[in-house]
Amino acid sequence: RDFALKQENFRVISLRYFNPIGAHPSSLIGELPLGKPNNLMPFITQTAAGLRDSLKVFGNDYDTLDGTAVRDYIHVCDVADAHVRSMEHLNKMINTNFQVYNVGTGKAHSVLEVIKSFEKNSGINLNYEFVSRREGDVEQIYADISKIQKELNWSCKFQLDDMTKTAWDWQCALAK
């Protein structure tokens, strides 16, 4: 940011992602974390594929509709599209050469909503259990996407069911 603000001919757009999940609809590109995953969707797909015994849901006592944490999940293809729109916008920037945009859906889904969407789209009932909250987890977080919608004319095309379906299709393609 500091460098960009001091260099007239250097433009930067910084994108803040909110929980990217899913895979390319072709099932040729997806998420394959090395070792233990750090986010929800690989745990879900690996549990469904029999690579993990059960899925641990951290907390069911939040002040949310179903008691589980709420996040703004966004499809990876929507994230890629936000990158393309940002690159197209770089040379149109006036009055500044540094911008920050939130990249999310602007909607929040609970952990249980993600699980139920996955179960519906895969036809598999997940083995999950509730465990204690993780220290430092917030109850809910989602993006304010009004700026990227207005300035880059960008919005998400994929819904939660698309995210969980493409993630499962990717996991299944790995097994082939």
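Residues numbered from 1 in each chain as written. Predicted model: local features only at pLDDT ≥ 70, side-chain atom pairs only at ≥ 80, totals over all residues. Heavy atoms only, no water.

Regarding the pattern of salt bridges
If you walk through the whole model with that rule in mind, you get 8 salt bridges. With a shortest N-O distance of 3.7 Å, Arg1 and Asp2 are connected by a salt bridge. Its relative accessible area of 58% is what places Arg1 among the exposed residues. For Asp2, a relative accessible area of 55% translates into the label exposed. A salt bridge links Glu119 to Lys116; its shortest N-O distance comes to 3.5 Å. Separated by 3 residues within a single helix, Glu119 and Lys116 lie in helix α4 (residues 111-122), roughly one turn from each other. With a relative accessible area of 44%, Lys116 lands in the partly exposed category. (Salt bridge = Lys/Arg side-chain N within 4 Å of Asp/Glu carboxyl O. Buried < 20%, exposed > 50% of the residue type's maximum accessible area, 1.4 Å probe, protein only. Helix = DSSP H or I, 4+ residues; strand = E, 2+ residues; numbered from the N terminus.)

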